[in-house]
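# Structural characterization, general
So you can see what is in the structure, the chains are spelled out below.
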Amino acid sequence: MKFVVIGASAAGTNVVRKLRELNPEAQIVMISEDTAIYSRCILYHHLKGERDLEGLNFVGPNFEERMNLDWMKGVKVTSVDTDRNVVVLDNGEEVTYDKLCICTGSHPNFFPIPGLREGKNITGFRNFPDVEFIEERLDQAENIFVMGAGLVGIDVVAGLVKYNKNITLADMAPYMLGIQLDDYSAGVYGKMFAEKGVKQYYNMGAKEFVLDDEGNCYKVILNDGTEIPTDLVINCAGVRATVEFLEGSKIECDRFGLVFDEQGRTNIENVFGAGDVSGRAPIWPVAVKEGMVAAYNMSGIKKSMDDFFASKSTMNFLGLASMSLGQANRYDDTHKEEIFIDEKRGIYKKVVHKDGVITGAILQGDLSYSGVLTQMIRRKIDVSRIKKPLFDIDYSDFFHMDDNFEFLYED
């Protein structure tokens, strides 16, 4: 059996790990544009000077040797022929497979805004070459414009504040981290970044990136006409699934990305998928599990994802930790919320619930309650029958110990 995995990030490497565990004698080939394995979630640590490339590695040393893996590095897949079971590379080489897993992730979305796609000093922030692009220009760049205030954009800003540059951040959302946080918790970060000198524009996008005669962007014009001088632009305003190479193939994609089910199966029997390539923006732990589930099913062992129960994002910017669970900031009037604020200690807690079931939560400054909340959301526990404040509920309120000293939940 010959397994081929395209992609070397969270999903792809975990497909490889599980495949090797389940298939000790099989041939496994991993194909990637990357020449090293690194965590995209902590790329900004390299900007901050806290980690080198080796320090970004999340699979440990000698992964290739330990997995008995044929890793084809620095090459790009240009097409897949499912009739012949062949992957075609940009160097003209063809790689055959018995089973294929597509884990190509996503790439920055460069919108059709004048100048954005053409500017020579404009980059995304998705891979290590993007980090190198930024670091090579930091000495000369006094004015830096970051477009997009989601997790990636705030990662970038957090990595750059130590350099004492003039940093401007803009986003179409009403506040930063609009998917993960609410206005209060995001506002706490906003004030902290403002104290570091970061100018912020919300409900505001870029209308034009003005280029000089050499093709470098020297000015960004916002939608309201505000002009921002810039020497370096970092586009973090969204990503697109990397599925361009599947155009013309028989592998199904939709407007988001690759289509695969909870077993990682695509519409082609021996082709699977996992991770960001779905375009549904799975967080790191979900991409990891999707990779493992795909590997099981590629090996003939039926497994399904069972924890699409909630999104979970953990972040720590400027020394302040936060966590978002489930649907914590977008809900209708049928939902109720309970909030606890301790401004002196920098603690904020919010729980959102409906009909006795917790649907989302935000914790900031103190994440110690996250385990209990995660279980309550995952298991859809009816908290209305527990007669105490939500923030006082613990495991003993809904778990019971059996004769073998194991904890069980009973509906």
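Scanning the protein chain from terminus to terminus reveals eight helices and 25 strands. In terms of overall size, the protein chain behaves like a compact globule, its C-alpha atoms giving a radius of gyration of 23 Å where 411 residues would be expected to give roughly 22 Å. Seen through its C-alpha atoms, the protein chain measures out along the principal axes to roughly 65 × 65 × 40 Å. Within the protein chain, the proportion of its 411 residues that are buried is 52%. If you take every contact in the protein chain between residues at least 6 apart in sequence, the share linking residues at least 24 apart comes to 58%. About 19800 Å² of surface is accessible on the protein chain, with carbon and sulfur atoms providing 47% of the total. Taking the average location of the 45 positive side-chain charges in the protein chain and that of its 63 negative ones, the two points are 2 Å from each other.

Turning to the sheet that holds strand S20 (residues 320–326), a few remarks are in order. Ordered by their spatial adjacency, five strands build an open sheet running S19-S20-S23-S22-S21, and the pairing between neighbours is antiparallel. At either end of the open sheet lies a strand with only one pairing partner, and these are strand S19 (312–317) and strand S21 (336–342). In this sheet, neighbouring strand axes are inclined to one another by 10° on average, regardless of whether the strands run parallel or antiparallel. Here strand S22 (residues 347–354) runs beside strand S23 (residues 357–364); their pairing, made up of seven bridges, is antiparallel. Within S23, the residue paired with Val-351 across the bridge is Ala-361. Lying over the sheet, helix H8 (residues 370–378) contacts S19, S20, S22 and S23, oriented at roughly 155° with respect to S23.

Counting residues in each nonpolar core, the largest one holds 41 residues, and the members touching the most others are Phe-125, Leu-160, Met-176, Tyr-189, Phe-193 and Ile-234. Every element with two or more residues in this core is listed here: helix H2 (44–47), helix H4 (128–137), strand S10 (143–147), helix H5 (151–160), strand S11 (166–170), helix H6 (183–195), strand S16 (232–235) and S19. If you look at the next biggest cluster of nonpolar residues, it comprises 26 residues, including Ala-8, Val-15, Ala-26 and Ala-274.

Time to look at the pattern of salt bridges. As a working rule, side chains carrying opposite charge can pair if their charged atoms are close by. Applying the stated rule across the entire model yields 15 salt bridges. A salt bridge links Lys-250 to Asp-83; its shortest N-O distance comes to 2.9 Å. Of the two residues, Lys-250 is situated in the loop between strand S17 (239–241) and strand S18 (271–273) and Asp-83 in the loop between strand S4 (77–81) and strand S5 (86–89); the sequence distance between them amounts to 167 residues. For Asp-83, a relative accessible area of 58% gives the class exposed.

With that out of the way, let us pick up the side chain of Ser-278. Looking at the secondary structure, you find Ser-278 in the loop between S18 and helix H7 (284–298). Take Ser-278: its relative accessible area is 6%, and that puts it in the buried class.

Attention now moves to H8. Spacing of three or four residues puts side chains on the same side of an α-helix, whose turn is 3.6 residues. Across the nine residues that make up H8, a large majority, seven, are buried. Two residues or fewer after H8 comes Lys-380, characterised by a positive phi angle close to 50°.

Our focus in this paragraph is the packing of aromatic side chains. This structure, assessed with the given rule, holds eight aromatic pairs. A centroid spacing of 6.5 Å and a plane angle of 50° characterise the contact between Tyr-44 and Phe-317, whose relative ring orientation is tilted. Note that Tyr-44 is positioned in helix H2 and Phe-317 in strand S19, a separation of 273 residues in sequence. Of the two residues, Tyr-44 and Phe-317, both sit in the buried class. One aromatic cluster in this structure is built from Tyr-44, Tyr-189, Phe-193 and Phe-317. Sitting above the plane of the Phe-133 ring, Arg-137 keeps its charged end 3.5 Å from the centroid. Sitting over the face of the ring of Tyr-163, Lys-162 holds its NZ or CZ atom 5.4 Å from the ring centroid.

What counts, and at which threshold
- Residues numbered from 1 in each chain as written.
- Predicted model: local features only at pLDDT ≥ 70, side-chain atom pairs only at ≥ 80, totals over all residues.
- Heavy atoms only, no water.
- Helix = DSSP H or I, 4+ residues; strand = E, 2+ residues; numbered from the N terminus.
- Rg over C-alpha atoms; globule rule 2.2 N^0.38 Å.
- Buried < 20%, exposed > 50% of the residue type's maximum accessible area, 1.4 Å probe, protein only.
- Contact = heavy atoms within 4.5 Å.
- Areas by Shrake-Rupley, 256 points an atom, 1.4 Å probe, with all protein chains shown as cover.
- Lys, Arg positive; Asp, Glu negative; His and termini not counted.
- Charge placed at Lys NZ, Arg CZ, Asp CG, Glu CD.
- Pairing = 2+ DSSP bridges.
- Axes fitted to C-alpha atoms, helices over the stretch in contact; angles between N-to-C directions.
- Core = buried A, V, L, I, M, F, W, Y, C linked by side-chain atoms within 4.5 Å.
- Salt bridge = Lys/Arg side-chain N within 4 Å of Asp/Glu carboxyl O.
- Phe/Tyr/Trp six-rings, centres within 6.5 Å; stacked < 30°, edge-to-face > 60°.
- Lys NZ or Arg CZ within 6 Å of the ring centre and 35° of its normal.

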